[in-house]
Amino acid sequence: MKSRNVLFLILISILSGCSASYKMFKSAEQYEKSGLVKEASECYYQCLLMKPDNEKARNGLNKCGRKVIELMESDFRQLFQNKRYEKSYEKYNEILAYKNKLSGVGVRFDITPATENIYKQNREILANKHYEQGMMYINNKEWLNAINEFTISEKYVANFKNRAELKRIAKENQAEIHYLQAREYYNRQNWVSAINELKRSQDYIANYKDSNTLLRQAEENRLLQIAEQLYTEGKTLFTQSQYKEAYKKFEKCQQYRSDYKDSNQLLAQALEKGKIRIGILPFKNSSSIYGHEQSIYSRVLSRLVNSSSMWIEYMDRNYLDKILAEQALGMSGIIDERTAAQSGQMIGLQYIVIGKISNATYYEDGINRTPKSAWKAVKRQWHGQEIEVGQKVTYYIYSNAGHAKIEFSYQIIDTRTGQIVRTDLLSSRADDYIEYARYDGDPKELLEDDPTPEWYKNPPKNSGMAQLQLNLELLKGIKRAIDYVVKKTDVFYSRSNLKPREELISSIIDDLSNDVYLSIFKYFNNL
């Protein structure tokens, strides 16, 4: 079945192609009868593209195509006679393009010898025209225009007269013009212009005179010139204490000359002097809950150190003590909140960061007990039968919550002025909530709704009917037992104790430390 469908599609495709080819062929015949040979030949051509073995279309294209070429040759000769040589040259190329197009479908024609001879004359006339124009420019010493004219002349007839020699002379003279201009720029130390002129000179004559040597020297001098300019700008910025900008200039200077003057030493000095050194003093704790200031300190310091750039250096208390000891200043308490600015400047710090836990609280809401009603199924005797009825019971929901909050404040002190340049107060909190239930019995027996049958609540007056109703309900008993909505018992097994205070407080330390880190980092990163 599948192969039959494929054959059917192929047949439809062939018939469609044949139909299009047939219509195109009929159009070609109509055009030919009307004397429209260009249109007819195009239709025959399209027909052969669709069906290459259509001999009738091939014969039609042979006949009409020949007439089209004859018409085009006639136009070509007319343009030549009217001395429109550029247009006749273009027309000949159109004939060639049309001829090549038809050869693509196997229909070939030759251009008549008379047309070929006229085309040769046409090219010689055009070549001579541009040759004479080039000679005029040579006499006027307009070398660039002469080069262009001789190039155009070559397009029509290769090796026309002494065109090659004249073009070489023009190119040498044009090269000499750019060479002399380059030498002038070279003497004025205008290296960029000298390089451009030397390259233009070589566009006309490769390796003209000593242009290669001059070009290499000019490019080297240009790099030195740029390096000197960047070096000078860097030194000016350095003396103005703009060390970051000076560093950029010296760094760029070394991209042009890695060993330029003392740029290496100045680069290192700019980095050293431009670096911001920040001392982070151990954090204090003025709250009634102790023991967490060191955790915040270590976290904040670790993140600051890991995110520091080449221009920012963070130092902890241990490093500061080491520096003080090396300078014989390591007496106890030399760096504290009161002496931070003076002591920090003494050991090369631009800023001191001091911080403390300003407040830490923990409290509990207290246990709240709420009574709740539910049902449980109990067995009863009714007319000699055992049935299940509902009994209302009470259980209790207990709830409590613990709340922890830490407030942290810090100050950034500029050691050069002793001023507090930034202060911030941040806080973080965590809460723990519990809810659990208690019941004097098995929680799994608790039901949402009263399971007592309606007929038990309102028994029928007729005993016979009552017995019948009982029998029916007993038959449904299994399903009714399944349909009872059992009370959710998860709350009876929930956690009944709040997390310890220390655990809750510790849970907020990381978030608070990150907030403190970001606040400090953003300030220094924007300097």
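Attention here is on the structure that accompanies the text. All of these numbers come straight from a predicted model, not from anything done at the bench.

1. Re the overall build of the protein
For step 1, the next point in the chain: From N to C terminus, the protein includes 18 helices and seven strands.
For step 2, the next point in the chain: Looking at the 527 residues of the protein, the share that counts as buried comes to 38%.
For step 3, the next point in the chain: Put simply, of all contacts in the protein between residues at least 6 apart along the chain, 69% involve residues at least 24 apart.

2. Some details on the side chain of N285
For step 1, the next point in the chain: Secondary-structure assignment places N285 in strand β2 (residues 284-285).
For step 2, the next point in the chain: Within the structure, the side chain of N285 is placed 2.7 Å from the side chain of S287, a separation counted as a polar contact.
For step 3, the next point in the chain: Here the side chain of N285 touches I289 through a polar contact of 2.9 Å, landing on its backbone oxygen.

3. What about the packing of helix α10 (residues 243-256) against helix α11 (residues 263-274)?
For step 1, the next point in the chain: Following both chains from N to C, one finds α10 and α11 inclined at 155°, their axes separated by 9 Å at the closest point. One finds that α10 runs roughly antiparallel with respect to α11. As α10 runs across α11, the sense of the crossing is left-handed. Note on element contacts: α11 touches α10 through S263, N264, L266, L267, A270, L271, K273 and G274, opposite Y243, Y247, F250, E251, C253 and Q254.
For step 2, the next point in the chain: Here the contact of α10 with α11 is built from residues that sort into eight nonpolar, four polar and two charged.

4. Notes on the nonpolar core
For step 1, the next point in the chain: If you look at the biggest cluster of nonpolar residues, it comprises 43 residues, and the most contacted ones within it are Y44, L61, L102 and V107.
For step 2, the next point in the chain: Counting residues per element, the ones that place at least two in this core are α1 (2-33), α2 (37-50), α3 (55-81), α4 (85-103), α5 (113-139), α6 (143-156) and α7 (163-187).
For step 3, the next point in the chain: No other element matches the eight residues that α3 contributes to this core.
For step 4, the next point in the chain: Aside from chain neighbours lying at most four places away, what touches L61 is S41, Y44, Y45, L48, R66, L102, V105, V107 and F109.

5. Brief notes about the environment of I169
For step 1, the next point in the chain: With respect to the secondary-structure elements, I169 resides in helix α7.
For step 2, the next point in the chain: Counting along the chain gives 26 residues from I169 to W143, while the straight-line C-alpha distance between them is 8.5 Å.

6. Considerations on unusual backbone geometry
In most cases, non-glycine residues show a negative phi, while peptide bonds are predominantly trans.
For step 1, the next point in the chain: In the Ramachandran plot, K83 falls in the positive-phi region, its phi being about 60° despite a non-glycine side chain.
For step 2, the next point in the chain: A positive phi is found at N207, a non-glycine position, where the angle reads about 55°.
For step 3, the next point in the chain: Relative to the assigned elements, N207 resides in the loop between α8 (191-204) and α9 (211-239).

7. What to know about the packing of aromatic side chains
For step 1, the next point in the chain: Under the definition given, this model contains 23 aromatic pairs.
For step 2, the next point in the chain: An angle of 55° between the planes, with centres 6.1 Å apart, marks the rings of Y131 and F150 as tilted. Placement of Y131 in helix α5 and of F150 in helix α6 is noted, with a sequence separation of 19 residues between them. Across this residue pair, the class does not change: Y131 and F150 are buried.
For step 3, the next point in the chain: With 5.3 Å between their ring centres and 10° between their planes, Y398 and Y436 make a pair best called stacked. Taken together, the residues Y398 in strand β6 (residues 385-414) and Y436 in strand β7 (residues 419-438) connect sequence positions 38 residues apart. For the pair formed by Y398 and Y436, the shared burial category is buried.
For step 4, the next point in the chain: We note K101 situated over the ring of Y45; from NZ or CZ to the ring centre the distance is 4.7 Å.

8. Overview of the pattern of salt bridges
For step 1, the next point in the chain: Counted according to the given criterion, the structure contains 33 salt bridges.
For step 2, the next point in the chain: One salt bridge connects K26 with E29, and the closest N-O pair in it is separated by 3.5 Å. Of this pair, K26 and E29 both sit in helix α1, separated by three residues, roughly a single helical turn.
For step 3, the next point in the chain: Classification of K26 as partly exposed rests on a relative accessible area of 35%.
For step 4, the next point in the chain: According to the relative accessible area criterion, E29 is partly exposed, its value standing at 25%.
For step 5, the next point in the chain: With its nearest N and O atoms 3.0 Å apart, the salt bridge here joins E94 to K91. Here E94 pairs with K91, and both are found in helix α4, just three residues apart, close to one helical turn.
For step 6, the next point in the chain: The partly exposed category is assigned to E94, whose relative accessible area is 41%.
For step 7, the next point in the chain: Three or more residues are tied together by salt bridges with common partners; here these are E154, R163 and K167.

9. Some points on the side chain of K275
For step 1, the next point in the chain: Residue placement: K275 occurs in the loop between α11 and β1 (276-280).
For step 2, the next point in the chain: For the buried K275, which has no salt bridge, the nearest side chain bearing the opposite charge is E313, at an N-O separation of 4.1 Å.
For step 3, the next point in the chain: The residues contacting K275, other than those within four sequence positions of it, are M310, W311, I312, E313 and Q350.

10. Describing the pairing of β7
For step 1, the next point in the chain: With 19 bridges connecting them, β6 and β7 associate as antiparallel partners. Along β7, the bridge assignment pairs I413 with I420.
For step 2, the next point in the chain: The turn joining β6 and β7, which pair antiparallel and follow one another in sequence, is formed by four residues; a positive phi near 75° is taken by G418.

11. Points about α11
For step 1, the next point in the chain: The terminal C-alpha atoms of α11, which comprises twelve residues, lie 16 Å apart, in line with the 16 Å expected from a rise of 1.5 Å per residue.
For step 2, the next point in the chain: Residues of α11 that are buried: S263, L266, L267, A270 and G274. Viewed along the axis of α11, the buried residues span an arc of 105°, placing them on a single side of the element.
For step 3, the next point in the chain: Those residues of α11 that are buried are in contact with α9, α10 and β1.

How each quantity is defined
- Residues numbered from 1 in each chain as written.
- Predicted model: local features only at pLDDT ≥ 70, side-chain atom pairs only at ≥ 80, totals over all residues.
- Heavy atoms only, no water.
- Helix = DSSP H or I, 4+ residues; strand = E, 2+ residues; numbered from the N terminus.
- Buried < 20%, exposed > 50% of the residue type's maximum accessible area, 1.4 Å probe, protein only.
- Contact = heavy atoms within 4.5 Å.
- Polar contact = N/O pair within 3.5 Å; in protein donor to acceptor, adjacent residues only side chain to side chain.
- Axes fitted to C-alpha atoms, helices over the stretch in contact; angles between N-to-C directions.
- Parallel < 35°, antiparallel > 145°, perpendicular 65-115°, else oblique.
- Left-handed = near helix turned anticlockwise from the far one by under 90°.
- Nonpolar A, V, L, I, M, F, W, Y, C, P; charged D, E, K, R; others polar.
- Core = buried A, V, L, I, M, F, W, Y, C linked by side-chain atoms within 4.5 Å.
- Phe/Tyr/Trp six-rings, centres within 6.5 Å; stacked < 30°, edge-to-face > 60°.
- Lys NZ or Arg CZ within 6 Å of the ring centre and 35° of its normal.
- Salt bridge = Lys/Arg side-chain N within 4 Å of Asp/Glu carboxyl O.
- Lys, Arg positive; Asp, Glu negative; His and termini not counted.
- Pairing = 2+ DSSP bridges.
- Expected span 1.5 Å × (residues − 1).
- Arc of directions from axis to C-beta.

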